[in-house]
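# Overview (structure and organization)
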Amino acid sequence: MAPRLALLLLLLAMPAHAEEAPPGASGCLGCHSPTRANAAIPSLRGRDPAEVAALLRAFREGTRPSTVMDRLARGFTEAESRTIAAWVVQ
């Protein structure tokens with residue numbers, strides 16, 4: 001199955017949020033599923049938005065080790081990270 005099709009199917013199968021995702025946020029749910037427990041890739045639902053924004057900052061600055069989050073986080077400003085964090089924890 002093509003990777004884009006697989007991602008689209010995964011996103012369609014997930015429960016909808018109360019509001020539309022800000023740019024860049026919906027992709028977070030592909031790995032950080034709100035419905036599946038995974039110790040390696042935790043759910044972000046219910047976490048403190050400030051904590052998630054701080055984690056994004058640490059990934060962006062390279063102070064927290066990661067496999068891909070450092071590269072993803074570099075694509076967002078601090079303000080965008082806070083907006084994404086507020087949405088993804090819902």
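Residues numbered from 1 in each chain as written. Predicted model: local features only at pLDDT ≥ 70, side-chain atom pairs only at ≥ 80, totals over all residues. Heavy atoms only, no water.

### With respect to the side chain of Ser81
This is how the line gets drawn: Put simply, DSSP H or I for four residues or longer makes a helix, DSSP E for two residues or longer makes a strand, and each gets a number counted from the N terminus. Type-normalised accessible area, obtained with a 1.4 Å probe on protein chains alone, sets the label of each residue: buried when under 20%, exposed when over 50%, and partly exposed for intermediate values.
Assignment of secondary structure puts Ser81 in helix 4 (residues 78–88). A residue is classified by how much of its surface remains accessible, and Ser81, at 0% relative accessible area, is buried.

### Notes on helix 2 (residues 49–61)
Counted only if it meets this: Expected span of a helix: the number of residues minus one, times 1.5 Å. In what follows, a contact means two residues having at least one pair of non-hydrogen atoms within 4.5 Å.
Here helix 2 is 13 residues long and its end C-alpha atoms lie 18 Å apart, about the 18 Å a rise of 1.5 Å per residue gives. Burial in helix 2 covers these residues: Val52, Ala53, Leu56, Ala58, Phe59 and Arg60. Buried positions along helix 2 lie against helix 3 (69–73) and helix 4. Positive backbone phi, at 80°, marks Gly62, one or two positions downstream of helix 2.

### Considering the side chain of Arg60
Convention followed: Under the rule applied, a polar contact is a pair of N or O atoms within 3.5 Å (in protein, one hydrogen donor and one hydrogen acceptor; residues adjacent in sequence only if both atoms are side-chain atoms).
By the secondary structure assignment, Arg60 is in helix 2. Engagement of the side chain of Arg60 in a polar contact is seen with the side chain of Ser81, the distance being 2.9 Å.

### Remarks on the layout of surface pockets
Basically, it comes down to this: Within this scheme a cavity is a closed region of a 1 Å grid, computed over the protein atoms alone, that accommodates a 1.4 Å probe without allowing it to escape, whereas a pocket is open but has protein on both sides within 12 Å along at least five of seven lines; lining residues each have an atom within 4 Å of a point. Grid points are joined across faces, edges and corners, and a volume is the space filled by probe spheres set on the points. Residues are grouped as follows: nonpolar covers Ala, Val, Leu, Ile, Met, Phe, Trp, Tyr, Cys and Pro; charged covers Asp, Glu, Lys and Arg; every other residue, Gly included, is treated as polar.
One number sums up the size of the largest pocket: a volume of about 680 Å³. Residue lining of the largest pocket: 24 residues in total, with His32, Ile41, Phe59, Met69 and Leu72 positioned closest to the centre. Counting only elements with at least two residues in the lining of the largest pocket, the list comes to helix 2, helix 3 and helix 4. Here the residues of the lining of the largest pocket are counted per class, giving 17 nonpolar, five polar and two charged.

### Details of the nonpolar core
Where we set the bar: The nonpolar core is taken to be a set of buried Ala, Val, Leu, Ile, Met, Phe, Trp, Tyr and Cys residues, with the residues joined through side-chain atoms within 4.5 Å.
Counting ten residues, the largest nonpolar core consists of Ala25, Leu29, Leu44, Val52, Ala53, Ile84, Ala85, Trp87, Val88 and Val89. For this core, the secondary structure elements donating two or more residues are helix 2 and helix 4. In terms of residues, this core owes the most to one element, helix 4, which gives four residues.

### A word on the state of the cysteines
Put simply, the rule is: Pairs of cysteine sulfur atoms within 2.5 Å are identified as disulfides in what follows.
In total, this model carries zero disulfides according to the counting rule given. Left without a disulfide partner, Cys28 is nearest to the cysteine sulfur of Cys31, which lies 8.8 Å away. The exposure class assigned to Cys31 is partly exposed, which follows from its relative accessible area of 44%.

### Here's the deal with the packing of helix 2 against helix 4
So the rule is basically this: Lines fitted to the C-alpha atoms define the axes, with helices restricted to the stretch that makes contact. Angles between their N-to-C directions range from 0 to 180 degrees. Here the word oblique covers every angle except those under 35 degrees (roughly parallel), over 145 (roughly antiparallel) and from 65 to 115 (roughly perpendicular). Put simply, a crossing is left-handed when the front helix is turned counterclockwise from the back one by less than a right angle, and right-handed when it is turned clockwise.
Relative to each other, helix 2 and helix 4 sit at 135°, their axes nearing to 8 Å. Comparing the axis directions of helix 2 and helix 4 gives the class oblique. Of the two elements, helix 2 crosses helix 4, and the hand of that crossing is right-handed. On helix 4, the residues touching Pro49, Val52, Ala53, Leu56, Arg57 and Arg60 of helix 2 are Glu78, Ser81, Arg82, Ala85, Ala86 and Val88.

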